[in-house]
Amino acid sequence: MNKKKILLHSCCAPCSTAVIERLVDEFDITILYYNPNIYPEEEYLKRKNEELKYLKILKEKQVADISLLDHDYEAEMFYRAVKGLENEREGGARCAVCFRLRLFETAKLAKQNGFDVFGTTLTVSPHKNAELINFIGKQIENELGIEFLVSNFKKQNGYKRSTELAKENNLYRQNYCGCEFALKQQMAEAPESLKKIY
């Protein structure tokens, strides 16, 4: 049976763990690490290297041989896209714009490179609105003419499984979503005793 080829946008290695586990039998997966929202660049590279580390682990364990489609950082794309939304609360309009930015690039590259489907690991997080992400994904499907994988990977203990797999594989788990504005908001709201960890 020929599997459909999916270009799967990954927000981070821990989130990708449980999603890959669910999809690997059904799809021929390639990971796209495109996250221009992540701040600072050192954090972006750290998360990207963790993704590469996990894909290497999967190959060594003979679970799956999954490649990563590399992409430039492009932080300026994120700042341009969310201009005027800097003070939005986490989960609000700025996040919706950020989801669209990353999903559109995934869809565009999927179509250009002969993939059948595009999708994202974002819906495994309990902090992300799967309904909104799926709505944006279906909009892009209609715009670009490439199938979007509708998902809510947090269901059936997906997030719990991702934390277990991250721990099992000794993966770095970040303590903020990614962007500069989310980090500043989190720091402003954190108790003084916790601010030293950021």
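Residues numbered from 1 in each chain as written. Predicted model: local features only at pLDDT ≥ 70, side-chain atom pairs only at ≥ 80, totals over all residues. Heavy atoms only, no water.

What exactly am I supposed to notice about the nonpolar core here?
It is characteristic of soluble globular proteins that their nonpolar side chains tend to be buried jointly. Judged by nonpolar contacts, the single largest core of 54 residues is most densely connected at Ile 20, Leu 23, Ile 29, Ile 31, Ile 66 and Phe 118. Among the elements that line this core, the one with the most residues is helix α4 (residues 93-112), at eight residues. Ile 66 has contacts with Ile 20, Ile 29, Thr 30, Ile 31, Leu 55 and Leu 58, leaving out every residue within four places of it along the chain. (Core = buried A, V, L, I, M, F, W, Y, C linked by side-chain atoms within 4.5 Å. Buried < 20%, exposed > 50% of the residue type's maximum accessible area, 1.4 Å probe, protein only. Helix = DSSP H or I, 4+ residues; strand = E, 2+ residues; numbered from the N terminus. Contact = heavy atoms within 4.5 Å.)

Honestly, unusual backbone geometry in this entry has me stumped. Any pointers?
Peptide bonds are trans in most cases, and residues, glycine excluded, mostly fall at negative phi. Along the chain, Tyr 39 connects to Pro 40 via a cis peptide bond; the corresponding omega equals -10°. Mapped onto the secondary structure, Pro 40 falls in the loop between β2 (27-32) and α2 (41-60). Here Glu 74, not a glycine, exhibits a phi torsion of approximately 60°, which is positive. With respect to the helices and strands, Glu 74 occurs in the loop between β3 (67-69) and α3 (75-81). Assessed through its relative accessible area of 24%, Glu 74 is described here as partly exposed.

Is there a simple way to explain the pairing of β2 in this structure?
Moving residue by residue along a regular strand, the side chains alternate between the two faces of the sheet. Of all six residues making up β2, five are buried, and the element is well covered by its neighbours. Summarising the sheet, strand β1 (residues 4-9) and β2 pair through six bridges and their orientation is parallel. Bridge pairing links Leu 7 to Thr 30 in β2. For the crossover that starts at β1, traverses helix α1 (residues 13-23) and ends in the parallel β2, the hand is right-handed. Of the pairings in the sheet, the one linking β2 to β3 comprises three bridges and is parallel in character. Opposite Thr 30, over in β3, you have Ser 67 as the bridge partner. Handedness of the β2-α2-β3 crossover: right-handed. (Pairing = 2+ DSSP bridges. Right-handed = clockwise from strand over helix to strand, strands pointing away.)

What exactly am I supposed to notice about the sheet that holds strand β5 (residues 147-148) here?
Two strands in a sheet stick together by hydrogen bonds in their backbones, pointing the same way (parallel) or opposite ways (antiparallel). Strand order in this open sheet of five strands is β3-β2-β1-β4-β5, and the pairing throughout is parallel. Two strands close off the open sheet at either side, each with one partner strand: β3 and β5. Across the face of the sheet, α2 comes into contact with β2 and β3 while running at roughly 155° to β3. (Axes fitted to C-alpha atoms, helices over the stretch in contact; angles between N-to-C directions.)

Teacher, can you tell me more about the environment of Val 124 here?
Here Val 124 is to be found in the loop between β4 (117-120) and α5 (130-144). With relative accessibility at 0%, the residue Val 124 sits in the buried group. Residues Val 124 and Lys 155 lie 31 residues apart in sequence; the distance between their C-alpha atoms is 7.7 Å.

Help me out: how do you make sense of the pairing of β1 in this one?
Pairing between β1 and β4: four bridges, direction parallel. Looking at the pairing, Leu 7 lines up with Phe 118 of β4.

I tried to follow the packing of α4 against α5 on my own but got confused; where do I start?
In helix packing, the relevant descriptors are the interaxial angle and the interaxial distance, both defined with respect to the helix axes. At their nearest, the axes of α4 and α5 sit 9 Å apart, and the two run at 40° to each other. The orientation of α4 with respect to α5, classified from their angle, is oblique. When you trace α4 past α5, the crossing you get is right-handed. The segment α4 lies against α5, with Ala 96, Phe 99, Arg 100, Leu 103, Phe 104, Ala 107, Lys 108 and Lys 111 engaging Leu 132, Ile 133, Ile 136, Gly 137, Gln 139, Ile 140, Glu 143 and Leu 144. Among the residues forming the contact of α4 with α5, the class breakdown is ten nonpolar, two polar and four charged. (Parallel < 35°, antiparallel > 145°, perpendicular 65-115°, else oblique. Left-handed = near helix turned anticlockwise from the far one by under 90°. Nonpolar A, V, L, I, M, F, W, Y, C, P; charged D, E, K, R; others polar.)

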